[in-house]
Amino acid sequence: KMVDLSRRRWYIVAGLALTLLLLGTFDAPQRRVLQVEKVPDLLRFLSLGDFGVARCARNGEHAKCSEQSQKLVAKSLDIATKEFQPKFLLSLGDNFYPYGAASLEDDQFRFSYEQMYNLPHIRTMPWMISIGDHDHCGNISSMLAYGKGLRREGWSEEEGGVKIPPRDTYGLPEQYYHKVYRLSGGQLFHLIVTDSVLLEGSLANPGERRFEKRLTPAHSGPSASRKHWAWLETALQDANAGTEPRLILVVGHRPVFSAVNRGRTISEERVSRRLHSLFSEFGVNAYINGHDHAMQHLSKDGVQYFGNGVGGFDLHPIDKKRMWPNDGEELRWASNSRHGFALHDVGPEGMRIRFAQVTESAEVAAPDDKGITSEVGYTIVYDTFVPFRHRSEYVRR
C-alpha cells in the first residue's frame, strides 16, 4: 500500500508538472517563423517612386503629368535591367496619378503599368509594390486584387498582339508585408514594406490629413492604423531575432526627413517622429521613400534615409536651408535635376545604393532619314553604401 501511495503521489506531481509546462508553453510569446528566401552572394533590385502618370497625362487630369517622362524612365529601367539583372523592381508608391485606380476595369492598369512596362527586359520582371497617397484616393481593394492576379474582363497577356506583363509580376500581397532574404554567407536582408497613409490614420485629428475626403476607413482609418503600427513593431522585433549579420530596409511612400520644399501636415510630422524613434530603437539600417520628387540621402542617429520619388511626375524644388521636419537630420546629398531610379546591390558586406538619372541624347538624322533619332540611357550621379550590422549593433536598446 505504501508503494501504491508513493506511486500515486508521483503520478500526481508529474501530471501537475506537465500541466504547468504546457500552460507555460501556451502562455509564452511565440516567435514567428518567417519565410526566408535563399539567394546567392549578391541580391540586386531597382527602385523607383511616383511614376504612374500615363493615364493622367492622356486624360489631361493634371497639368504636371507627363507620359513622356514615365516612358523615358521605363526605357532606362529596361536598359538597366538588361545590364544589372535585378531580382525585382521596387515601387515606392504613387503608382496611379492623380486619384488611384477605381476598380479592376480602370484603364490605369492598362496605360500606367501594362503598356508602359511591356519592354523586352522588364516585361516579365517581378515588382514589389508599395502604396502612395495618390493611390489611396482610389480603390485600394482593386490594387490588392490586381496583386493577387485578378484582372479586368477580357484581359489577355497579348493585348492587341502586344505582350504585356504577366499576372504574377505585380507583387502586392497585402497593404504592408515583410520579405526576408538569406545570402549564401548567412547574412539576412529584411525588406519591410509599409503603408505611410495607413500609419497616419491613428495619429491624425479630423481635418489634418492630405486627401482626407478621399480616404477610406478600412484602408486608412484609426483602427486599421493601430494594427499596422503593432505589426511594424512586431516585424522589427522579428528582424532583430537571431545572431546573424543583418540589414533592415524599411520602405514607405512618405519621407521621414526631407530637403524638399513642399506642403506638409502636422500628422505627417507625427508619423515622422514615431517612425524615427522606432528605427533608432530597433537598429534599422535604412529607410527609402518616394512622395518628394527628388533624389535624397539624409541620416540621423545611424539610420540612413533615402528619397527616390523621380519616376515620372513633375520634380519638386529643394531647399537645403529649410529641412523637414528640422529635427536634427543631416543632409548628405540631394538632386532634382532629372528623373530616374536607384540601383541596389546587397552583398556580403552590405547594400550599395546608386542613384541613376535618365539621359537622353537626340540628334537630327541625315536628310534621307525620317525625323529625329533618340538614344535613352542613364548616368550614375550618386553612390553610397549601407553596411550590415552585427549582433552587438542591432540588439534592441
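Here goes a summary of the coordinates provided. (Residues numbered from 1 in each chain as written. Predicted model: local features only at pLDDT ≥ 70, side-chain atom pairs only at ≥ 80, totals over all residues. Heavy atoms only, no water.)

1. What to know about the nonpolar core
Among the nonpolar cores identified, the biggest contains 67 residues, and Y117, M143, F189, L191 and L249 are the most heavily contacted of them. Tallying contributions element by element places helix α3 (residues 67-84) first for this core, with 6 residues. With near-sequence residues (within four places) excluded, F189 lies in contact with L43, F45, K179, V180, Y181, L247, L249, V346 and M351. By size, the runner-up hydrophobic cluster in this structure holds 24 residues, among which are L199, F257, L275 and L298. (Core = buried A, V, L, I, M, F, W, Y, C linked by side-chain atoms within 4.5 Å. Buried < 20%, exposed > 50% of the residue type's maximum accessible area, 1.4 Å probe, protein only. Helix = DSSP H or I, 4+ residues; strand = E, 2+ residues; numbered from the N terminus. Contact = heavy atoms within 4.5 Å.)

2. Section: α3
In this model, α3 (18 residues) spans 25 Å end to end at C-alpha, consistent with the 26 Å of a helix rising 1.5 Å per residue. When we look at burial in α3, the residues that qualify are E67, S69, Q70, L72, V73, A74, S76, L77, D78, A80, T81 and F84. Backbone geometry just downstream of α3 places Q85 in the positive-phi region, at approximately 55 degrees. (Expected span 1.5 Å × (residues − 1).)

3. Section: the pattern of salt bridges
Counted under the stated rule, the structure contains 22 salt bridges. Residues K87 and E37 are paired through a salt bridge, measuring 2.7 Å at the closest nitrogen-oxygen approach. A residue pair is termed long-range when its members are at least 10 positions apart, and K87 in the loop between α3 and β3 (88-91) and E37 in strand β1 (residues 36-38) qualify at 50 residues. With a relative accessible area of 33%, K87 lands in the partly exposed category. Notably, a salt bridge pairs R210 with D133, separated by 2.7 Å at the nearest N-O pair. Taken together, the positions of R210 in the loop between α7 (196-200) and α8 (217-220) and D133 in helix α5 (residues 133-136) put the pair 77 residues apart, joining distant regions of the chain. A network of salt bridges, in which partner residues are shared, links D133, E200, R209, R210 and R254. (Salt bridge = Lys/Arg side-chain N within 4 Å of Asp/Glu carboxyl O.)

Bear in mind that shape data such as this cannot, by itself, settle questions of function.
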